[in-house]
Structures are given as C-alpha cells and as structure tokens.
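Take a look at the letters that make up each chain.
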Amino acid sequence: MGVREGLLALLDSEPRYGYQLKTAFEATTGGVWALNIGQVYTTLDRLARDGRVEVGPGDDAGRRTYNITAEGRSELARWLGTSPADAPPPRDELLLKVLMSLGTPSVDAREIIQAQRTGIVEALQAHRRRLRAAARNGDELVGRLVVDALVLRLEADLRWLDLCEERLIAQTGTEPTRRTAR
Amino acid sequence: MTPVLELRDVSRCYDDGAGEVAALSSVSLSVAAGELVAVMGPSGSGKSTLLQLAGGLDRPTDGRVLVDGRDLADLSTRALAALRRRRVGYVFQRLNLLASLTAVENVMLPLELDGIGARGARAAAEEALAQVGFSGSTKRFPDDLSGGEQQRVAIARGVVGERALLLADEPTGALDTVGGEAILELLSARRDAGAEVVLVTHEPRFAGWADRVLFLRDGQVVDEAVARSGAATLASRR
C-alpha cells in the first residue's frame, strides 16, 4: 500500500480535510505508519490531477474538503482486489545470519539459532505487553490485528529456526546426553 | 518472600536399556509469586518431566524440589497428597476427566476432596467453567463433550479454588487461537492475583504471554527470555 491507496480508502467512507486524513490514516494503521502533513497534500494534489478526487471550496478557516470520484473508487477496488506479491524477501536478515553461522568455525550454529530464538521470544513478549496496554486504552481491534500480524510472522521465523535445528541435529547426529550408571 | 516453587539442581534419569538417559540434568528454577514462566523446547527436551517433578508426581534422581519452602522428599505420602490438593493446580496433556462424573462434578471434585461443601463447590466450579469459556449445559458427561470442551473442563478443574501454583502442560492444545488466548488471559489473571504459573508450550504465541521463557534442550536450560518491564507492565500489576 502507498499513501495514495490509504487516502482513497479513507475518502471512500466520507469527504475529509487534509489534516483529518492524516489523523485517520495513522489511527487506521494502528500506529505503524506516521505521516507528515506535506505527504498528505502532495498525494492529494496528484489524486486530484488524476481525477481520483475532487477538491471542494475552502471553508472560513481555509480548509478544503476532498471527495472521492467514481474513478477513485475503481482504482481503490482494483488495489484492494489485487494479491500482494508474497514472495519472501530474498535477503532476509535472519536467514542470512543462520546460513553464515553454518560455515563459520568460530561459532556454534546451534548457539546462534538459540540466540535468535530468544530474541524473537523477547519480541513476542514485548508485543503481548503492547497489546495488553492497547486493550486497557480501549483501542483494541486495530491494535490486536497489527500485533497478530507481527506475532504470526515471528512465529514463522521461530518455526523455521526449530526446523533448522532439527535438520542440523539430523545431519550431525547429536544424541541426548547419556550418563554412566552410578 | 519464599517462592512457592523452587527446583535446586534437579536431575531425573531413566534407564532406557542402552544406558542411563538424563531427562533433566541439574536444572534450577525459582518462580516468584505473581510470575508466569513458560517452558519451551523440542519434544524429549524434558519439559513435561520438569512439570511432573514440580507437581510432586515424580521424584528427582538428584536435587531438591521445594514447594512452599518444603522439600517434597521429606513429606509423607499423605502430606504430599494434601499439599498437591490445596496448593497446586494441574492441567496436563492427558486430561484425566472422570467419565462417570458430569463436567461440573469433575471441576467440583478437588474442592470436595478438600472438605468444601457441595453447594460452595458447585458455585465455584460453575464460575470456573464460565471463566474458561465453557458454554452449554455443565451437566453433560465427558463422552458427550468435544475435545475443546473436555480441555476447558480440565483447565477449570486445574484453576478452581485458591491455588498458589498452577502447572499447565500444553493447556491450549485442543483449542483454536482465540480459545487459547482466553485460557492465557485466565492464567494471566491468576498470575496478576499473585499465583505462580508454569506453562509448558510449544506455541510461541502463548510463550509471549510469559514474564520469563526457559528454553530446554536435552534436559538442560540453555537460555532464558525475560520480558522487559515497562510502564505498561507496572500499571497492569498495580
């Protein structure tokens, strides 16, 4: 999504001023995307140029209302209906760290995997706490959905680390600790 | 304050025919009141053994397990049974519901064994069932319940009453994500009220709820993730 699609989506429900759009954009995206007002007006100018919005007359305070047009609505519908490119990033940092650790004699790859796992669980704990705080502020649904998305991605990373470790053990044949009978 | 649960240098070995295998080697763990500790690790890493030892359902080969500052090895069978009944709530993978008792009667059982009258026990059991999101008649028998409902009954039985120590082994296994979160909300609420909770889970999303996460591998603690306390945390704990 770009700022452009975000603004069209917000204008689809009602006409708004530039500053209202900025506030609504930030609230709807759950605090993960801060906009400056300059970006909002630049984008609105382009949308007006392309016939996607119409600019109303200014009110007494000099604020102008933006309305979505039929062309704006069809652009929005096209964007919402298109699947995002879902190929994983080719140079994922976690992937590269683990791959590099496999060929690095001075470190134990399983230690690196564990260190990454601990880091991810700490991130999960931090998200969970943010969510509890958001719930207390009555700001639940949007916050919950944002955290759900982050949590599910971290989970995928953790499961991948688990799999790395299993494959590593399968390859090196590490056995559980055995002790001689006392 | 004395922690309710303390493991000091605890080991548990089994003979598997080919030699002695250490299911748990020299694990020390102290859980503070009002703390939720999650234990993660691959299968066979010793998670369930740790929980069995903590609950006095198994005895260590080496080391000491203390509940309320008392070494479980020093207690008579009778005293151990009383301690387990009054202080410890269990939710284990094997649900162990009694088929001849209804859902609510299963939950009432630990309270009645503890001498609480039927009326008080029933009220507390109904409340616990409501807290775990059990809906529908509580007078149904376990065979008439779905897997998720059976799990909710087992959880209600584990948390009913004023248990100081809650031990949960994959309590969210048969539940969907939202159902699992409700259980974690419940365990967190008990934690906020001062209980100690030890949760074995392989679900990272649920480990995220814990104040501390221990990672077990081959019977040893290999790492620990600690939630950083922030203003939000302090506020939630008053």
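Residues numbered from 1 in each chain as written. Chains lettered and ligands numbered in written order. Predicted model: local features only at pLDDT ≥ 70, side-chain atom pairs only at ≥ 80, totals over all residues.

## Regarding the overall build of chain B
What chain B contains, in helices and strands, is 8 helices and 10 strands. Relative to its length of 238 residues, chain B is compact, with a C-alpha radius of gyration of 18 Å against a globular reference of 18 Å. Along the longest, intermediate and shortest principal axes, the C-alpha atoms of chain B span 50 × 45 × 35 Å. In chain B, which comprises 238 residues, the share counted as buried stands at 43%. The contacts in chain B between residues at least 6 apart in sequence include a share of 69% that link residues at least 24 apart. (Helix = DSSP H or I, 4+ residues; strand = E, 2+ residues; numbered from the N terminus. Rg over C-alpha atoms; globule rule 2.2 N^0.38 Å. Buried ≥ 20, exposed ≤ 12 C-beta atoms within 10 Å, placed from the backbone. Contact = placed C-beta atoms within 7 Å.)

## Quick word on the interface of chain B and chain A
At the junction of the two partners, chain B supplies 27 residues and chain A supplies 24 residues. Of the residues forming the side of chain B that touches chain A, the biggest block, 4 residues, is contributed by strand β2 (residues 20–31) of chain B. Taken together, the residues that form the side of chain B that touches chain A break down as 14 nonpolar, 8 polar and 5 charged. (Nonpolar A, V, L, I, M, F, W, Y, C, P; charged D, E, K, R; others polar.)

## Digging into the sheet that holds strand β6 (residues 88–91) of chain B
Residues and elements named next belong to chain B. Overall, mixed pairing links the 6 strands, which are arranged β6-β7-β8-β3-β9-β10 in an open sheet. The sheet terminates laterally at β6 and β10 (220–226), the two strands that pair on one side only. Each neighbouring strand pair of the sheet contributes to a mean axis angle of 15°, computed without reference to strand direction. As judged from the 6 bridges shared by strand β9 (residues 212–217) and β10, these two strands associate in the antiparallel manner. Note that in β10 the partner of L214 across the bridge is E224. (Pairing = 2+ DSSP bridges. Axes fitted to C-alpha atoms, helices over the stretch in contact; angles between N-to-C directions.)

## Some thoughts on the nonpolar core
If you look at the biggest cluster of nonpolar residues, it comprises 73 residues, and the most contacted ones within it are V107, A125, A156 and V198 of chain B. Counting residues per element, this core draws most heavily on β2 of chain B, which supplies 6 residues. Once residues lying within four places of it in the same chain are set aside, the contact partners of V107 of chain B are A125, A128, L129, V153, A156, R157 and V160 of chain B. Counting 12 residues, the second-largest nonpolar core is a separate cluster that includes L10, L21, L44 and V53 of chain A. (Core = buried A, V, L, I, M, F, W, Y, C linked by C-beta atoms within 7 Å.)

## Considerations on the confidence of the model for chain B
Residue and element names in this part refer to chain B. Looking at chain B as a whole, the pLDDT averages 87, with 95% of positions reaching at least 70. Of all helices and strands in chain B, the one with the weakest mean pLDDT is helix α8 (residues 231–236) (36), whereas strand β3 (residues 36–40) scores best (95). When the criterion is pLDDT under 50, residues 230–238 qualifies, and its contacts beyond four places in sequence or with other chains add up to 10 contacts. On the interface metric, ipTM, the complex scores 0.73, and its pTM is 0.77. (pLDDT = per-residue confidence, 0-100.)

## Things to note about the environment of G219 of chain B
Residue and element names in this part refer to chain B. Tracing the sequence through the fold places G219 in the loop between β9 and β10. Residue classification places G219 among the buried positions, given that 24 C-beta atoms sit within 10 Å. For G219 and C13, which are 206 residues apart along the polypeptide, the C-alpha to C-alpha distance reads 9.8 Å.

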